[in-house]
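# Structural characterization, general
Now for the letters of each chain:
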Amino acid sequence: MSALGTRIHPHYGVFAPVRGEYVDLVAHTPLPPVARHSPATSSAFDLGTGTAVLAAVLACRGINRVVATDISPRALACARENVHRLALTDRIEVPVPGPGLYPEGRADLVVCNPPWLPARPTSLIEQGVYDPDSTMLHSFLAGLSAHLRPGGEGWLILPDLAEHLDLRTRQQLLDAIQASQLRIVDKIDTKPRHPRSKDAADPLHTARSAETTSLWRLFPAP
Ligand SMILES: C[S@@+](CC[C@H](N)C(=O)[O-])C[C@H]1O[C@@H](n2cnc3c(N)ncnc32)[C@H](O)[C@@H]1O
């Protein structure tokens, strides 16, 4: 994992960060000024942490306290193991999950890479990729303003694969952002580098080769 300078270990059934390009987006997007100016008190939430790869990138970038959550017990065990192996236990907390998507309190930065496709998962591993009604995406957007400190921002990481497969329109995403009283401050795009995006024999080749992954910087609307 080049953004971390070390390997991240996925467990069976846990979303593996094989697509390094979205990790690089989180590694290179400027941190919110409030976190940069006060590193000793800076904080972040990583919602749906999986292996804890994004939490680890944020901690390595200097965020003082990262709280990482996930709905999957396997992901939580995997995240805890990676945090321990990377010697980041003083910076990253993986608590027992509460009833909602968000942990208690507020943070300078909330990062969320929700399941990419609104479709029904058929196996454990697919729960990281498929979410039938985009429940996690909508919960992230709906709860963001109430969980940001003043000056804080949300980073939504989302490939547009669902749009290329006619499972979601861009307008539906923009409407959901607006309905949550959020403002888009920036959108940073990257193209996939993984081998399947170049495999013409893949049945999803047309969609995969057209895919863009974006990091949407979201602020509470004034
Ligand atoms: C696309 S994966 C991202 C994993 C990791 N953040 C990364 O970037 O590699 C989505 C993650 O969200 C988790 N997830 C799905 N629905 C969730 C929910 N309702 N609440 C919390 N986590 C959820 C999945 O278990 C999975 O680990």
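Bear in mind the structure is a predicted one, so any value in this text is a computation, not a measurement. (Residues numbered from 1 in each chain as written. Predicted model: local features only at pLDDT ≥ 70, side-chain atom pairs only at ≥ 80, totals over all residues. Heavy atoms only, no water.)

### Some details on the overall build of the chain
Within the chain, the secondary structure is distributed over eight helices and seven strands. Over its C-alpha trace the chain gives a radius of gyration of 16 Å, about what one expects of a compact globule, namely 17 Å for 222 residues. Viewed in the frame of its principal axes, the chain has a C-alpha envelope of about 50 × 40 × 30 Å. With 222 residues in all, the chain has 50% of them scored as buried. Restricting to contacts in the chain with at least 6 residues of sequence separation, those with at least 24 account for 73%. Working note: accessible area of the chain is about 10,500 Å², and carbon and sulfur atoms make up 55% of it. With 22 positive and 22 negative side-chain charges, the chain shows a spacing of 4 Å between the two charge centroids. (Helix = DSSP H or I, 4+ residues; strand = E, 2+ residues; numbered from the N terminus. Rg over C-alpha atoms; globule rule 2.2 N^0.38 Å. Buried < 20%, exposed > 50% of the residue type's maximum accessible area, 1.4 Å probe, protein only. Contact = heavy atoms within 4.5 Å. Areas by Shrake-Rupley, 256 points an atom, 1.4 Å probe, with all protein chains shown as cover. Lys, Arg positive; Asp, Glu negative; His and termini not counted. Charge placed at Lys NZ, Arg CZ, Asp CG, Glu CD.)

### Looking at empty space enclosed by the protein
The final tally for this structure, using the stated rule, is one cavity of 30 Å³ or more. Space inside the largest cavity adds up to approximately 40 Å³. In this structure, the largest cavity is lined by Leu158, Pro159, Asp160, Glu163, Arg170, Leu173, Thr212, Ser214 and Trp216. Residues that form the lining of the largest cavity fall into these classes: four nonpolar, two polar and three charged. (1 Å grid on protein atoms, 1.4 Å probe; cavity = no way out; pocket = protein on both sides within 12 Å on 5 of 7 lines; lining within 4 Å. Points joined across faces, edges and corners; volume = space filled by probe spheres on them. Nonpolar A, V, L, I, M, F, W, Y, C, P; charged D, E, K, R; others polar.)

### Structural notes on the side chain of Thr190
Positionally, Thr190 belongs in strand E6 (residues 182-190). Not counting the four nearest positions on each side in its chain, Thr190 is found in contact with Glu21, Leu25, Thr212 and Thr213.

### Structural notes on helix H7 (residues 170-179)
Among the residues making up H7, those that are buried are Leu173, Ala176 and Ile177. For H7, the angular spread of the buried residues around the axis is 100°, confining them to a single face. Projecting away from the buried face of H7 at angles above 90 degrees are the exposed residues Gln178 and Ala179. At its buried positions, H7 is contacted by helix H5 (135-144), strand E5 (148-159), helix H6 (161-164), E6 and strand E7 (213-220). Just downstream of H7, Gln181 is the residue with a positive phi angle, here 60°. (Arc of directions from axis to C-beta.)

### Re the layout of surface pockets
Over the atoms a probe the size of a water molecule is rolled, and this reveals where empty space is left. Estimates place the volume of the largest pocket at around 900 Å³. Contributing to the lining of the largest pocket are 40 residues, with Gly48, Asp70, Ile71, Ser72 and Met136 lying nearest its centre. Among the secondary structure elements, those contributing two or more residues to the lining of the largest pocket are helix H3 (53-60) and H5. Ranked by residues supplied to the lining of the largest pocket, first place goes to H5 with three residues. Counted by class, the lining of the largest pocket contains 23 nonpolar, 14 polar and three charged residues.

### Digging into the site of the ligand
Near the ligand lie 17 residues; those nearest to it are Tyr22, Gly48, Asp70, Asn113 and Gly128. A distance of 2.7 Å separates a nitrogen atom of the ligand from a polar atom in the backbone of Gly48. The protein chains hide 91% of the 590 Å² of surface that the ligand would expose on its own. With respect to the pocket detection grid, the ligand is positioned in the largest pocket. (Near = heavy atom within 4 Å. Polar contact = N/O pair within 3.5 Å; in protein donor to acceptor, adjacent residues only side chain to side chain. Sits in = over half its atoms within 2 Å of the grid points.)

### Re the packing of aromatic side chains
The tally for this structure, following the rule as stated, stands at three aromatic pairs. Relative to Tyr22, the ring of Phe15 lies with its centre 6.5 Å away and its plane at 50°, an arrangement referred to as tilted. Across the pair, Tyr22 and Phe15 agree in class, each one buried. With a centroid separation of 6.5 Å and an interplanar angle of 80°, the aromatic rings of Tyr22 and Trp116 are classed as edge-to-face. With Tyr22 in helix H1 (residues 20-28) and Trp116 in the loop between strand E4 (107-112) and H5, the pair connects residues that are 94 residues apart, well separated along the chain. (Phe/Tyr/Trp six-rings, centres within 6.5 Å; stacked < 30°, edge-to-face > 60°.)

### A short note on the environment of Thr41
Secondary-structure assignment places Thr41 in the loop between helix H2 (33-37) and strand E1 (43-47). The residues touching Thr41, leaving out its near neighbours within four places in the chain, are Asp108 and Arg149.

### Comments concerning the sheet that holds strand E3 (residues 92-93)
Within a sheet, each strand pairs with its neighbour through backbone hydrogen bonds, oriented either parallel or antiparallel. In spatial order, the strands read E3-E2-E1-E4-E5-E7-E6; together these seven strands make up an open sheet with mixed pairing. At either end of the open sheet lies a strand with only one pairing partner, and these are E3 and E6. Where strand E2 (residues 65-69) and E3 come together, two bridges link them in parallel fashion. When the bridges of E3 are listed, Val67 appears paired with Glu93. (Pairing = 2+ DSSP bridges.)

All we've got here are geometric facts, nothing functional implied.
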